[in-house]
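Summary of the model geometry
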Amino acid sequence: MTEIIALLVGGLALVGAAVAGLYLWPVGRRGLRVAPARPLDFDTATRAAAAIIAAEAADPEVRPESRSRLLSHGSRTGRAVLLLHGYTLAPEQYEGLAEEFFDSGYNVWVPRAPQHGTVDRQAHHRVEAGELTAYAARGWAVAAALGDEVGVVGISGGAVLAAWLAQVPGNVVRHLLLLSPFFGPNPRQAPAYAVKPLIVLYGRRVLRDRVTSRGYSLAAVTQYLTIARTLPNPPRRTGLRTAAVAISPLDGVVDLRAAVDVPRRIADANAIPLRVCTLPATLGVEHNTLNLGADGNEWRRRYVALYEGEPAPTSDAPIHQ
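These lines cover the structure that appears in this document, whether it is placed above or below. (Residues numbered from 1 in each chain as written. Predicted model: local features only at pLDDT ≥ 70, side-chain atom pairs only at ≥ 80, totals over all residues. Heavy atoms only, no water.)

**So, the packing of helix H5 (residues 129-143) against helix H6 (residues 157-166)**
Across the interface, H5 lies against H6 with an axial gap of 10 Å and an inter-helix angle of 65°. Between H5 and H6 the crossing geometry is right-handed. Touching Leu132, Thr133, Tyr135, Ala136, Ala137 and Trp140 of H5 are Leu161, Trp164 and Leu165, all from H6. A breakdown of the residues in the contact of H5 with H6 according to their chemical character gives eight nonpolar, one polar and no charged. (Axes fitted to C-alpha atoms, helices over the stretch in contact; angles between N-to-C directions. Helix = DSSP H or I, 4+ residues; strand = E, 2+ residues; numbered from the N terminus. Left-handed = near helix turned anticlockwise from the far one by under 90°. Contact = heavy atoms within 4.5 Å. Nonpolar A, V, L, I, M, F, W, Y, C, P; charged D, E, K, R; others polar.)

**A few points about the pattern of salt bridges**
Under the defined criterion, the tally for this structure stands at ten salt bridges. Put simply, glutamate 65 and arginine 63 hold a salt bridge, and the shortest N to O gap is 3.3 Å. Here glutamate 149 and arginine 241 are joined by a salt bridge, their closest N and O atoms 2.4 Å apart. With glutamate 149 in strand S4 (residues 147-155) and arginine 241 in the loop between helix H8 (218-229) and strand S6 (242-247), this residue pair connects regions lying 92 residues apart in the sequence. Judged by relative accessible area, which is 46%, arginine 241 ranks as partly exposed. Connected through shared salt-bridge partners, Arg63, Glu65 and Glu92 make up one network. (Salt bridge = Lys/Arg side-chain N within 4 Å of Asp/Glu carboxyl O. Buried < 20%, exposed > 50% of the residue type's maximum accessible area, 1.4 Å probe, protein only.)

**Some remarks on the environment of cysteine 277**
Along the chain, cysteine 277 falls in strand S7 (residues 274-278). On the basis of relative accessible area, cysteine 277 is assigned to the buried category, the value being 0%. The spatial distance from the C-alpha of cysteine 277 to the C-alpha of leucine 306 is 8.3 Å, given a sequence separation of 29 residues.

**Points about the pairing of S6**
Counting buried positions along S6 yields six of six residues, so the element is predominantly enclosed. Burial of S6 is two-sided: the residues Thr242, Ala244 and Ala246 facing one way and the residues Ala243, Val245 and Ile247 facing the other way are all buried. One ladder, built from five bridges, connects strand S5 (residues 175-179) with S6; its direction is parallel. Across the sheet, residue histidine 175 finds its bridge partner in S6, namely threonine 242. Where S6 meets S7, five bridges bridge the pair, whose relative direction is parallel. Across the sheet, residue valine 245 finds its bridge partner in S7, namely valine 276. Following the backbone out of S6, through helix H9 (residues 256-269) and into the adjacent parallel S7, one traces a crossover that is right-handed. (Pairing = 2+ DSSP bridges. Right-handed = clockwise from strand over helix to strand, strands pointing away.)

Spelled out as structure tokens, the structure:
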């Protein structure tokens with residue numbers, strides 16, 4: 001029995017007869033329906049980004065290396081991109097890829113997620129779904145003013161937020177790249193039938209939080225799963241022009257089938273192909289598909305090409321979990 005299953009069984013033992021009710025409890029939250037922000041102009045957006053960065057620099061709780069980052073060419077460009085980092089991590093996760101986009105002519109905005117990148121390494125345990133979607137919406141409001149054609153890249157939990165942004169009515173997300181998207185846990189960690197009880201018991205903080213051996217708070221990761229469950233079904237047609245996903249067959253964190261199936265439905269709704277890049281197992285990359293070692297420069301170029309709509313560098317491969 002895996003660690004998460006064991007935690008769930010322990011939790012269910014505490015609620016006994018209420019187990020059946022867990023499957024009837026709605027997981028959607030009205031607070032996640034964030035209206036699109038009023039469009040900004042370039043100068044206002046860059047001032048807003050600078051204010052965020054300055055506030056973080058003045059905050060002793062924010063690690064210097066983890067502050068939000070703006071890579072700007074000094075004026076509105078033809079292309080801009082929003083990069084959303086993963087759970088437990090911070091903007092430095094995108095250091096190489098942000099520079100690759102910038103060198104390709106993009107203005108780039110990499111905001112720090114709430115409760116992340118702080119000297120308190122457990123602060124992310126307290127993150128809530130509503131503040132995550134509000135953060136993503138604010139990030140989009142800045143990025144959308146930086147270029148004529150704008151898109152989103154997200155990794156892991158950040159990929160859930162990226163998909164959410166791409167489905168918010170009124171947002172004009174033209175390009176979507178999802179890296180190791182966390183639309184569900186790997187079945188070896190928690191089977192599908194256990195996900196909703198996890199969301200209700202830990203996401204609603206009915207039970208006391210538990211932390212896995214990876215340092216993941218169940219109360220926190222279920223906030224991302226809550227957001228994933230609020231994605232419209234069927235997906236909306238929003239004007240998306242390219243959609244791509246990159247996964248590793250060695251990823252033991254995410255449900256690899258859902259990682260492809262969810263963005264494929266979004267792509268189908270927009271009548272575009274989904275480009276799927278399955279990293280070679282020989283790379284040795286696990287969940288963090290930005291941790292590419294000696295091959296990083298080559299793969300970061302490939303990620304930019306995927307984002308722009310070029311064919312995946314590896315063919316679609318069967319996904320086994």
